[in-house]
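Commentary on secondary and tertiary structure
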Amino acid sequence: MKVIETVDELISNEELRYKHHPGIIKPKQVEQPEWLLKTVRTIMSDESISPKLLHESGQRLASHLTGRHPPPETEDIRFKFQQVQARVKRAPVDDITDTTQEEELLRNPKARRLFKELVYNWVPVQYDKYTSLSYLINRSVPEYSVLHKIFNEIKTNDANFTPKSLFDFGSGVGTAMWAASQFWYKSIKEYLCIDTSTEINELSEYLSKRTKPQINPNYIFYKEFLPTSSTPTSDIVVSAYSLFELPNQKSRLEVISKLWHKTEQYLIIVEQGTRAGFNIINEAREFILNYTNDASDVHVVSPCPHDSTCPRYMTDDNTPCNFELVYLSLPLFEKSAYIRERYSYVVFKKGKRPEDDCQWPRIVRPVLKRSKHVICRLCTASGKLDEQIFTTWKNGKNTYRCARASEWGDRLPFKIEKSNNTEEPE
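Worth saying up front: this structure is predicted, and the values here are computed from it rather than measured.

A look at helix α9 (residues 198-208)
Every α-helix carries 3.6 residues per turn, so stepping three or four residues along brings you back to the same face. Buried residues of α9: I200, N201, L203, S204, L207 and S208, and no others. Projected down its long axis, α9 carries its buried residues within an arc of 160 degrees, all on one side. In this fold, the buried residues of α9 make contact with α2 (34-47), α7 (129-157), α8 (175-184) and β4 (220-223).

As structure tokens, then:
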């Protein structure tokens, strides 16, 4: 792999620093909204809420959200019940065929305990007023930072894109609005926010009146349920940290299909960077690329440089495809601290992939920087994972420096060249 000619020439002529090559995703750290801390403090004062108690509640909620799994499907529950029967009756699972006496069996304390251990107890989060505030103080900054980075990448790579409308499914406290307004404040004239919680919608509306830049309240609309019409209505559709609230795979795919049909151009889906979160993202990715009616008229913008089956999902059962950012927490009860947030995401765009799309490889794990060489783990346009060792001798000075200056999540403006060198000098 070697840096492309245009970038190589710019670096050689000192018109571009290798630390600022065009594949680097900026900013590395997103600044938290300046108005947010003051607004949260005002809310706590008006509601006479203890910062300590709210801080602890926010931590518990964040821990619960990070550790979540999708709801178990009916077939999974049935299989787990067979396992419980097999253990209680001390028989092979294959010999258990009658699962009709569930209630009778679960009267057995041992069976009930085993069943609880085997079956994940999924329940949707009820966002009352206090839970909504807990979510605000703990999750608003990292989610805003993630969406800011994703929007910034779209803005950088599609400079002519000027959206007029944004549709946010599971809008929560409004972080998608805050982030989008940083890039398209002048062009967006409609923010449609969908969330089933009246309390969190009211909190979002309160916060939206204090954002900077100020979002015109006449541009914001709140609804508790998805519109029934499938007519495309928005330039950007977002689902951020929302799909875990749906009760099963069927409902998730139905929502994903509706969101895809609602967008004119971009669909953005974000979840926690856990294995469970990545599975949800990959489920949506496969569905959009393979099973929607207009699957031939879509391509993945980010993070994948290809539209093939995810190689991480196919080759690694334990490692999710995720990315990491660092944010500064709100100093409400404790001093601000730098916290790492991992997230999985996918960005789709309607239309076929442009012929001039560079499809640069994406760095999908931390870069390993060693003496005189650097190791990058990449997802490539071929739809495969690749590990490249870059040295000055093998790849050239500019290529090596660009690779060394890059980090997890960046793209490399590189192309593959055939080489006659078969071994490095002693």
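Now that the structure is up, let's keep going.
A word on the pairing of strand β6 (residues 263-272)
A large share of β6 lies buried, amounting to eight of its 10 residues. Inspection of the sheet shows strand β5 (residues 234-240) paired to β6 by six bridges, in the parallel sense. Opposite S234, over in β6, you have T263 as the bridge partner. With respect to chirality, the unit in which β5 leads through helix α10 (residues 249-262) into the neighbouring parallel β6 is right-handed.

Structural notes on the pairing of strand β2 (residues 165-169)
The element β2 is largely enclosed, with a buried count of five among its five residues. Side-chain alternation along β2 places S165, F167 and F169 on one buried face and L166 and D168 on a second face that is also buried. Traced from β2 through α8 to strand β3 (residues 190-194), the parallel crossover comes out right-handed.

A few points about α2
Looking only at α2, the buried set comprises W35, L36, L37, T39, V40, I43 and M44. Positive backbone phi, at 55 degrees, marks S48, one or two positions downstream of α2.

Digging into the packing of aromatic side chains
Taken as a whole, this structure holds 14 aromatic pairs when the rule is applied. Each ring, one from F390 and one from F414, has its centre 5.4 Å from the other, and the planes form 70 degrees; the classification is edge-to-face. Within this pair, whereas F390 is found in strand β13 (residues 385-390), its partner F414 is found in strand β14 (residues 414-415), the two being separated by 24 residues in sequence. The exposure class of F390 is buried, given its relative accessible area of 0%. Here a set of aromatic residues connected by ring pairs shows up, and it is made of F151, F161, F183, W184 and Y266.

Observations regarding the nonpolar core
Looking at soluble globular proteins, one finds that nonpolar side chains tend to be buried together. The biggest cluster of nonpolar side chains holds 63 residues, and the ones touching the most others in it are L136, F151, W178, W184, I268 and V270. Per element, the largest residue contribution to this core is 11 residues, and it comes from α7. Those residues in contact with F151, other than ones at most four positions away along the chain, are L166, A176, A179, A180, F183, W184, I236, V238 and I268.

A word on the confidence of the model for the protein
The pLDDT averaged across the protein works out to 91; a share of 93% of its residues lies at or above 70. Counted against residues more than four places away or in other chains, residues 422-426, with its pLDDT under 50, gives five contacts.

A short note on the pattern of salt bridges
Taken as a whole and assessed by the stated rule, the structure comprises 14 salt bridges. For K349, the salt bridge is made with D158, and the minimal N-O distance between the two is 3.0 Å. Of this pair, K349 sits in strand β9 (residues 338-350) while D158 sits in the loop between α7 and β2; the two residues are 191 residues apart in sequence, bridging distant segments of the chain. A salt bridge links R252 to E283, with the nearest nitrogen and oxygen atoms 2.8 Å apart. Remark: E283 occurs in helix α11 (residues 275-290) and R252 occurs in helix α10; sequence separation between them is 31 residues. As far as burial versus exposure is concerned, R252 and E283 are alike and both buried.

Points about the environment of W408
In this structure, W408 sits in the loop between α14 (397-405) and β14. Look at W408 and you get buried, because its relative accessible area is 13%. Sequence separation between W408 and I363 is 45 residues; the distance between their C-alpha atoms is 5.3 Å. The contact partners of W408, leaving out residues within four places of it in the chain, are N322, F323, E324, R342, I363, V364, R365, P366 and V367. Within the structure, W408 has its side chain in polar contact with the backbone oxygen of N322 (distance 3.0 Å). In terms of polar contacts, W408 uses its side chain to reach the backbone carbonyl oxygen of V364, at 3.2 Å.

Rules of the game
- Residues numbered from 1 in each chain as written.
- Predicted model: local features only at pLDDT ≥ 70, side-chain atom pairs only at ≥ 80, totals over all residues.
- Heavy atoms only, no water.
- Buried < 20%, exposed > 50% of the residue type's maximum accessible area, 1.4 Å probe, protein only.
- Helix = DSSP H or I, 4+ residues; strand = E, 2+ residues; numbered from the N terminus.
- Arc of directions from axis to C-beta.
- Contact = heavy atoms within 4.5 Å.
- Pairing = 2+ DSSP bridges.
- Right-handed = clockwise from strand over helix to strand, strands pointing away.
- Phe/Tyr/Trp six-rings, centres within 6.5 Å; stacked < 30°, edge-to-face > 60°.
- Core = buried A, V, L, I, M, F, W, Y, C linked by side-chain atoms within 4.5 Å.
- pLDDT = per-residue confidence, 0-100.
- Salt bridge = Lys/Arg side-chain N within 4 Å of Asp/Glu carboxyl O.
- Polar contact = N/O pair within 3.5 Å; in protein donor to acceptor, adjacent residues only side chain to side chain.

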